[in-house]
Amino acid sequence: MSNQNHNDNGIIKEKLKKVEELKEIGVEPYGRKYAKLNEIAEINQYDETCEKIFKTAGRIVAFRRMGKNGFGQIQDPTGKIQYYVKKDEVGEEQYKIYKKMGLGDFIGLEGKLFRTNTGELTLRVDSFEVLSKNVRPLPEKFHGLTNIETRYRQRYVDLVMNREVMETMKKRFQIIRFFRSYLEKHGFTEVETPMMHPVAGGATARPFVTHHNALDMELFLRIAPELYLKRLLVGGFEKVFEINRSFRNEGISIKHNPEFTMMELYQAYADFNDMMDLTEDLISSLTFELHGKYEIEYEDKTINMAKPWRRVTMKDIVKETTGFDFDTISSDEDAINKAKEMNIPLEKDKTYTKYGILNLIFEEKVEETLLNPTFITEYPKEISPLSKNQKGETEWVDRFELFISGREFANAYSELNDPRDQKERFEEQVKLREAGDDEAQGMDLDYIRALEYGMPPAGGLGIGIDRLVMLQTNSASIRDVILFPTLRKEDIEL
């Protein structure tokens, strides 16, 4: 047993003793409903001249008792405030109870404001109520909760000790509220679609697989809501969006969590250019809403989110950045040789086309250079199985991805609504899956049937909420913006 665990066990034992002592004198250590009337932020707006009696509650985050009086500090989601308890004012019986309180406990307080000799606004307690006893010690105040792994695993403690974490999470939900408000004002209807799919589709990714016992069938946690949202266009909805979880059985990194939040929307009679306009206005408006300006700091870089954003084709940005001129490539072999010259890593057992090589060069050499918001357009058809072809083209589609600070934030295209073309593309995906590509999409025959009933031309857009929160809060890791990120299973000893 480590010294830290030994010390914690001693503190826990002492705290449990106080729980029992409270019970012995008829006080519930784990209280009941409390009529909290004032948030701490509200109280802090007043000064010592105020005659108002405040009633608030929170966790004790500082505790100091000196004989017949004591100072402490309580914290709620809106802030902190110092309080003062005096034996002569609360009475001997109440003060006997207060002596059994301590750091980490939840307490309800009632009293008026005054200012101490040091000038600190303080709540002079007339009465208090025990709401919940803490029995496990909080991290030591000076060092705080600093171990990153522990912070993610014990987010409940992280929120107590690191208030900036709560502010980040509040901003996350502010961003989601803004998305909902913006889209509803633009005529979109929020919908809900299934989380479990009989066919893994809507994106190229490895799915999580489960089994439904009653139906005796394999199901997949959704990797994207796309195909169900487009079924709604078939049914007559014209503007729909969903903000919800998707799941991909892939690696974990500072940019990836297996469970993540996406916003996807679809608009009938629109195309990918409309989606670019919408994306640009949505995210730039969000930035101004959050910061009051369009320039933000991210990882020691200044990013300008003001409109208009750059729009450039994949071919052109690759040529501009690396000198690789795709229009001079006549064969897959030529492209592969060029990639090798550029030290692009190629998998030995994988088949590459010149279009795949173009995309690979873009990912390896160009993405990281894109600081300010940039729309990359004109993607190869072979990596875009759900996108409509460019007019008069057979190998290129009307698609864009948005990059900011070297990362992808949005993906959109003019939706493929030709059922025969879609079926052929699914068949190509099935061949890839049968050849061992676990990320290739399956054949969704019901979706093909839906398209046969007729889907209007449409534009579709997906935005990764987690990455956007990272950008808007200057957070280095996706785990910093998810309340409970996915982690390796922990062995816990209590």
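Residues numbered from 1 in each chain as written. Predicted model: local features only at pLDDT ≥ 70, side-chain atom pairs only at ≥ 80, totals over all residues. Heavy atoms only, no water.

Colleague: Sorry if this is basic, but what is going on with the pattern of salt bridges here?
Modeller: Tallying each qualifying case throughout the model produces 33 salt bridges. The salt bridge partner of Glu28 is Arg32, with a shortest N-O separation of 2.9 Å. Under the relative-accessibility criterion, Glu28 is labelled partly exposed at 38%. Assessed through its relative accessible area of 64%, Arg32 is described here as exposed. Through salt bridges that share partners, Arg231, Asp444, Asp446 and Arg449 make up one connected network. (Salt bridge = Lys/Arg side-chain N within 4 Å of Asp/Glu carboxyl O. Buried < 20%, exposed > 50% of the residue type's maximum accessible area, 1.4 Å probe, protein only.)

Colleague: Can you walk me through the side chain of Arg231 in this structure?
Modeller: You can see Arg231 is positioned in helix α8 (residues 226-235). By relative accessible area, which is 15% here, Arg231 ends up buried. A distance of 3.1 Å separates a polar atom in the side chain of Arg231 from a polar atom in the side chain of Asp444. Not counting chain neighbours up to four residues away, the residues in contact with Arg231 comprise Asp444, Asp446, Tyr447 and Ala450. (Helix = DSSP H or I, 4+ residues; strand = E, 2+ residues; numbered from the N terminus. Polar contact = N/O pair within 3.5 Å; in protein donor to acceptor, adjacent residues only side chain to side chain. Contact = heavy atoms within 4.5 Å.)

Colleague: I'm lost on the pairing of strand β16 (residues 396-404) in this one. Help?
Modeller: On any regular strand, side chains alternate: one points to one face of the sheet, the next to the other face. Buried residues dominate β16, accounting for nine of its nine residues. Residues Trp396, Asp398, Phe400, Leu402 and Ile404 of β16 are buried on one face, and the alternating residues Val397, Arg399, Glu401 and Phe403, pointing to the opposite face, are buried as well. Where strand β15 (residues 374-380) and β16 come together, six bridges link them in antiparallel fashion. Within the sheet, the bridge partner assigned to Phe375 lies in β16 and is Leu402. In this structure, the hairpin formed by β16 and strand β17 (residues 407-414) is closed by a connection of two residues, where Ser405 is found at a positive phi of approximately 50°. (Pairing = 2+ DSSP bridges.)

Colleague: Honestly, the packing of aromatic side chains in this entry has me stumped. Any pointers?
Modeller: Counted by the stated rule, this structure contains 16 aromatic pairs. Between Tyr355 and Trp396, the ring centres sit 5.4 Å apart and the planes meet at 80°, which makes this aromatic pair edge-to-face. Of this pair, Tyr355 sits in helix α12 (residues 354-366) while Trp396 sits in strand β16, placing them 41 residues apart in sequence. Under the relative-accessibility criterion, Tyr355 is labelled buried at 14%. Since its relative accessible area comes to 8%, Trp396 is described here as buried. (Phe/Tyr/Trp six-rings, centres within 6.5 Å; stacked < 30°, edge-to-face > 60°.)

Colleague: Whenever I open this one, unusual backbone geometry confuses me. Can you help?
Modeller: Following Lys307, the chain continues into Pro308 via a peptide bond in cis, with omega recorded as 0°. With respect to the helices and strands, the residue Pro308 is situated in the loop between β13 (301-304) and β14 (310-313). Here the phi dihedral of Glu299 falls at roughly 50°; this positive angle occurs in a residue that is not glycine. Within the secondary structure, Glu299 is located in the loop between β12 (295-298) and β13. Positive phi outside glycine occurs at Asp300, with the angle close to 65°. By the element assignment, Asp300 lies in the loop between β12 and β13. For Asp300, a relative accessible area of 80% corresponds to the exposed category.

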